[in-house]
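An overview of the molecular structure
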Amino acid sequence: MRTQLARSASLFGLFLGGVFLAGCQTGYSAIVNNNTSQPVIAQLIDTQGKRLLASARIGPSSKTELSAGNVPEGNEVILEVDNQGNPGYPPTLRLLPGRTVVNVAEDSQTAKSRIRLEVVPR
């Protein structure tokens, strides 16, 4: 009986150790509505890990969902959206864990129009 109890306790200790070594991780999701007259490229980027988590080309008046799981807790994840004619830097938005809905809008419907990101309230 004592041996079985000791074995159970050691297995539980290994389980807890594995949980702590793995660290906490979280997921991110962005539903991107392209309300512009041009296709855009949307990307989820882990800035601490310096890695691309997800990417999609979204046609005009279309939407898609980008998602990434298993991101280490505390890492910053941004959504970056750009189009071919954007005259400035691509707009970015820091995402919170969970789901965020974002509209991509443009200042005018010309080929060299600036685009911007607008968060849709929950």
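What follows is about the sheet that holds strand β5 (residues 77-82). Overall, antiparallel pairing links the 4 strands, which are arranged β3-β2-β5-β6 in an open sheet. Each of the sheet's edge strands pairs with one partner strand only, and the pair in question is β3 (51-58) and β6 (92-95). Neighbour to neighbour, the strand axes of the sheet diverge by 20 degrees on average, direction disregarded. Pairing of β5 with β6 involves 4 bridges; the strand directions are antiparallel. Across the sheet, residue I78 finds its bridge partner in β6, namely R94.

What follows deals with the sheet that holds strand β1 (residues 25-34). Read from one edge of the open sheet, 4 strands run β4-β1-β7-β8, paired in mixed fashion. Edge positions in the open sheet fall to β4 (62-72) and β8 (115-119), since each of these has one partner strand only. Across the sheet, the mean angle separating the axes of adjacent strands is 25 degrees when strand polarity is ignored. Here β1 runs beside strand β7 (residues 98-106); their pairing, made up of 7 bridges, is parallel. Counterpart to N33 in the pairing with β7 is N103.

Moving on: the nonpolar core. Ranked by size, the top nonpolar core spans 22 residues in total, and within it L44, L79, V81 and L95 carry the most contacts. Elements supplying a minimum of two residues to this core: β1, β2 (40-46), β3, β4, β5, β6, β7 and β8. It is β3 that provides the largest number of residues to this core, a total of 4 residues. Not counting chain neighbours up to four residues away, the residues in contact with L95 comprise Y28, A30, L44, V77, I78, L79 and T100.

Procedures and definitions
- Residues numbered from 1 in each chain as written.
- Predicted model: local features only at pLDDT ≥ 70, side-chain atom pairs only at ≥ 80, totals over all residues.
- Heavy atoms only, no water.
- Pairing = 2+ DSSP bridges.
- Helix = DSSP H or I, 4+ residues; strand = E, 2+ residues; numbered from the N terminus.
- Axes fitted to C-alpha atoms, helices over the stretch in contact; angles between N-to-C directions.
- Core = buried A, V, L, I, M, F, W, Y, C linked by side-chain atoms within 4.5 Å.
- Buried < 20%, exposed > 50% of the residue type's maximum accessible area, 1.4 Å probe, protein only.
- Contact = heavy atoms within 4.5 Å.

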